[in-house]
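Each chain, letter by letter, is given below.
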Amino acid sequence: MIEQLDSFIYQLMNYPYLQNAMLAAVLVGIICGLIGCFIIMRGMALMGDAISHAVLPGVVAAYMIGVSFFIGAVITGVITALLIGYISQNSRIKEDSAIGIMFTAMFALGVVMITSLSGTGVDLWHILFGNVLAVGSTDVSITMGIGIIVILMILVFYRPLLLTTFDPTMAKASGLPVKLIHYVLMLLLSLVTVASLQTVGIILVVAMLITPGATAYLLTDRFSVMLVLAAAFGVMSAVIGIYFSVLYDVASGASIVLVASAFFVIVFLFGPKRGLVIRWITGLRRQSSTA
Amino acid sequence: MKDIGTVDVANLSVYYHKFSALQNISFSTAEGTIIGVIGPNGAGKSTLMKAMLNLEKSQGTTTFNGRPVSEVRKQIAYVPQRSEIDWDFPVRVEDVVLMGRYMHVPWYKKMSKQDRQTAYEALEKTGMEEFRNRQIGELSGGQQQRVFIARALAQDADYFFLDEPFVGIDMKSEQIIVSLLHDLRRQNKTIFVIHHDLSKVESYFDRLLLLNQRLIAYGTVSEVYKPENLKAAYGGSAAVLNDDSVVVVQS
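A. A look at the interface of chain B and chain A. Across the boundary between the two partners, chain B contributes 34 residues, which contact 22 residues of chain A. Buried surface at the junction of chain B and chain A, both sides included, amounts to about 2400 Å², of which 66% is carbon and sulfur. Taken as a group, F89(B), P90(B) and Y102(B) account for 28% of the area that chain B buries against chain A, more than any other trio of residues on that side. Counting across the chain B and chain A interface gives two salt bridges. In this assembly, chain B and chain A are joined by nine residue pairs in polar contact (both at pLDDT 80 or more). Mapped by element, the contributors of at least two residues to the side of chain B that touches chain A are β6 (76-79), α2 (93-98) and α4 (141-155) of chain B. If you tally residues by element for the side of chain B that touches chain A, the top one is α4(B), at three residues. A breakdown of the residues in the side of chain B that touches chain A according to their chemical character gives 19 nonpolar, three polar and twelve charged.

This is how it looks when you write it as structure tokens:
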């Protein structure tokens, strides 16, 4: 074990590609964890899944015309969010159904576009499942840029974000632009998804959004603490996940997600306040004291 | 004393698709009044509040001391129905009450000591200061309601909108809230309270607004609280026992 860790640290010190991978994964862990807290508390996990899948045609289109795929992804992400809102507000279709229609349509469009491009450099497998070891230094700087935007937005607009999440009616009554904040959050979600593309891939982004935040949610009663814990679980999952991925030569994205899931299971079972085991023990105690 | 609390509602209507939820509601209030909004289930009581605050698509106008709602938003405190709140949300009592100060602090500034002090005083008034570090789901229904009343007090608003504040709460909390509302009345605030039954309307409210999609009656409690009005609002579910007592059987 120590030997393997030693060898991993040696590789990390000496191979720039691994440094880039690690840095990108850590950043992705932080921003997914942060945005994920808002997605969870707004009951929008499905929306997170939708936006992450819907960026696919944007990524492919950007590749076709030769611009940065960040731009393409953000445009399709936001368009999808707007269309979901439009459909659910202008018909009897409920939001979850509108999400189901839109994201599968966008995803299918992306797959058709990719398969029609066969023979070019777009690798469907890498977009879907990520390939963090192929992250270049430009990608790291873009991810860093997105990370700074996301963290700044959350710091500066913490109060409006919290109030519109907790009590949207009161937020609207007191004059906050609730709809605008929703779409800004969707924009941030698209940015985060794109930043995560290479690390965990489109399919598994939703795990990085939801799982660290959900783990944090089980541990605290304060939203600010939940944000910090979610980012911490995201980072730990990224680091440990990449370690296992290098050690056993398995897909990095899936490895990261499995570590995040393991953290969730541990906290779900052994959490100090709401863990299954603690609740079971206090339940037993209560029974024996009444008996 | 400046004239802060007048509210004028003119021809307010709300339609859901083609079904009409509220028809042509018009009334005016003077400052320093507590208005009880009563009516059967589905009468549009919450819809009326939301339409007045422009949270719901509506026709007609509502003005606050002559100004549209968009100009007085900071002065409007809203307490939602308890069922609208996610009680598992990771916020503590203190955090919720501080939200009452959010609209007074520009987005680029931190909350000041004064804001925290105002929030703490609101907690004291509702008798909730010892619970300030509790997560909101760990409180009883009455305590939860008092936290939201404290948030409204911390906001230092001129207009208060309370959606069914007395549902499922204990007697002690109800008395604390009623006496706080009476304090607000003395400060010339205007307070709208949606009330789910007809008990205690005389001691709680100055005016009653009896609603069933249209305005059945509006005026002082003694003007409105009459068998013929209640029968008109509640239909067959109102049973008049004798001259001055009415029992409403909600289906």
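B. Broad picture of helix α9 (residues 158-166) of chain A. Burial of α9(A) is extensive: eight of the nine residues sit out of reach of the surface. Among the residues of α9(A), those classed as buried are R159(A), P160(A), L161(A), L162(A), L163(A), T164(A), T165(A) and F166(A).

C. Structural context of the environment of D8(B). All names here are of chain B. Positionally, D8 belongs in strand β1 (residues 7-16). With 58 residues separating them in the primary sequence, D8 and G66 have C-alpha atoms 7.7 Å apart. Those residues in contact with D8, other than ones at most four positions away along the chain, are F27, S28, T61, T62 and T63. At a separation of 2.7 Å, a polar atom in the side chain of D8 contacts the side chain of S28.

D. View of helix α13 (residues 223-248) of chain A. Compared with the 38 Å implied by 1.5 Å per residue over 26 residues, the 37 Å span of α13(A) between its first and last C-alpha is a close match. Of the residues trailing α13(A), D249(A) is marked for its positive phi of about 55°.

E. Spotlight on the sheet that holds strand β4 (residues 59-64) of chain B. Residues and elements named next belong to chain B. Across the sheet, which stays open at both edges, the four strands sit in the order β2-β1-β4-β5 with antiparallel pairing between neighbours. Both edges of this open sheet fall to β2 (19-29) and β5 (67-68), since each of them pairs with a single strand only. Where β1 and β2 come together, seven bridges link them in antiparallel fashion. Paired with V9 across the bridge in β2 is F27. Most of the contacts of helix α1 (residues 45-52) go to β1, to which it runs at about 115°, and overall it touches β1, β2 and β4.

F. Geometry of the packing of α9(A) against helix α11 (residues 178-196) of chain A. All names here are of chain A. Viewed as axis vectors pointing N to C, α9 and α11 meet at an angle of 105°, and their least axial separation amounts to 10 Å. With respect to α11, the element α9 is oriented roughly perpendicular. Of the residues in α11, those in contact with P160, L161 and T164 of α9 are V178, I181 and L185. Here the contact of α9 with α11 is composed, by residue class, of five nonpolar, one polar and no charged.

G. Region of the structure containing the pairing of strand β10 (residues 214-220) of chain B. Both strand β9 (residues 207-212) of chain B and β10(B) contribute to a ladder of six bridges, which runs antiparallel. By the bridge assignment, L210(B) is partnered in β10(B) with A217(B).

H. Representation of the sheet that holds β10(B). Residues and elements named next belong to chain B. With mixed pairing, six strands are arranged side by side in an open sheet as β6-β7-β8-β3-β9-β10. Both outer strands of the open sheet, β6 and β10, are each paired with one neighbouring strand and no more. For this sheet, the mean inter-axis angle between neighbouring strands, taken without regard to orientation, is 15°. Pairing of strand β7 (residues 159-162) with strand β8 (residues 190-194), which is carried by four bridges, proceeds in the parallel orientation. Each bridged residue has a counterpart across the sheet, and for F161 the counterpart in β8 is F192. Running at roughly 150° to β8, helix α5 (residues 171-186) makes contact with β3 (34-38), β7 and β8 of the sheet.

I. Spotlight on a nonpolar patch on the surface. Among the surface-exposed residues, L23(A), M144(A), I148(A), I151(A), L152(A), L155(A), V156(A), F157(A), W107(B) and Y108(B) lie close enough to one another that they form a single nonpolar patch of about 960 Å² accessible area. Ranked by residues supplied to the nonpolar patch, first place goes to helix α8 (residues 137-156) of chain A with six residues. With respect to the element layout, Y108(B) can be found in the loop between α2 and α3 (113-125). Residue class for Y108(B) comes out exposed when judged on its relative accessible area of 57%.

J. A look at the environment of M128(B). With respect to the helices and strands, the residue M128(B) is situated in the loop between α3 and α4. Once the C-alpha coordinates of M128(B) and A150(B) are considered, the two residues, 22 residues apart in sequence, prove to be 8.4 Å apart.

K. Examining the packing of aromatic side chains more closely. Evaluation of the coordinates by the stated rule reveals 21 aromatic pairs over all chains. Ring-pair connections join several aromatic residues into one group, and the members of that group are F38(A), Y158(A), F166(A), F223(A), W87(B), F89(B) and F148(B). Across from the ring centre of Y102(B), 6.0 Å away, lies the NZ or CZ of R159(A), which sits over that ring.

L. Just the nonpolar core, in detail. Counting 170 residues, the largest nonpolar core has I35(A) and F161(B) as its most contacted members. For this core, the element with the most residues is helix α2 (residues 16-41) of chain A, which contributes 15 residues.

Cut-offs and rules
Residues numbered from 1 in each chain as written. Chains lettered and ligands numbered in written order. Predicted model: local features only at pLDDT ≥ 70, side-chain atom pairs only at ≥ 80, totals over all residues. Heavy atoms only, no water. Contact = heavy atoms within 4.5 Å. Buried area = accessible area lost by both parts, 1.4 Å probe. Salt bridge = Lys/Arg side-chain N within 4 Å of Asp/Glu carboxyl O. Polar contact = N/O pair within 3.5 Å; in protein donor to acceptor, adjacent residues only side chain to side chain. Helix = DSSP H or I, 4+ residues; strand = E, 2+ residues; numbered from the N terminus. Nonpolar A, V, L, I, M, F, W, Y, C, P; charged D, E, K, R; others polar. Buried < 20%, exposed > 50% of the residue type's maximum accessible area, 1.4 Å probe, protein only. Expected span 1.5 Å × (residues − 1). Pairing = 2+ DSSP bridges. Axes fitted to C-alpha atoms, helices over the stretch in contact; angles between N-to-C directions. Parallel < 35°, antiparallel > 145°, perpendicular 65-115°, else oblique. Patch = residues over 30% accessible without salt bridge, like charges linked within 9 Å, V, L, I, M, F, W, Y side chains within 5 Å. Areas by Shrake-Rupley, 256 points an atom, 1.4 Å probe, with all protein chains shown as cover. Phe/Tyr/Trp six-rings, centres within 6.5 Å; stacked < 30°, edge-to-face > 60°. Lys NZ or Arg CZ within 6 Å of the ring centre and 35° of its normal. Core = buried A, V, L, I, M, F, W, Y, C linked by side-chain atoms within 4.5 Å.

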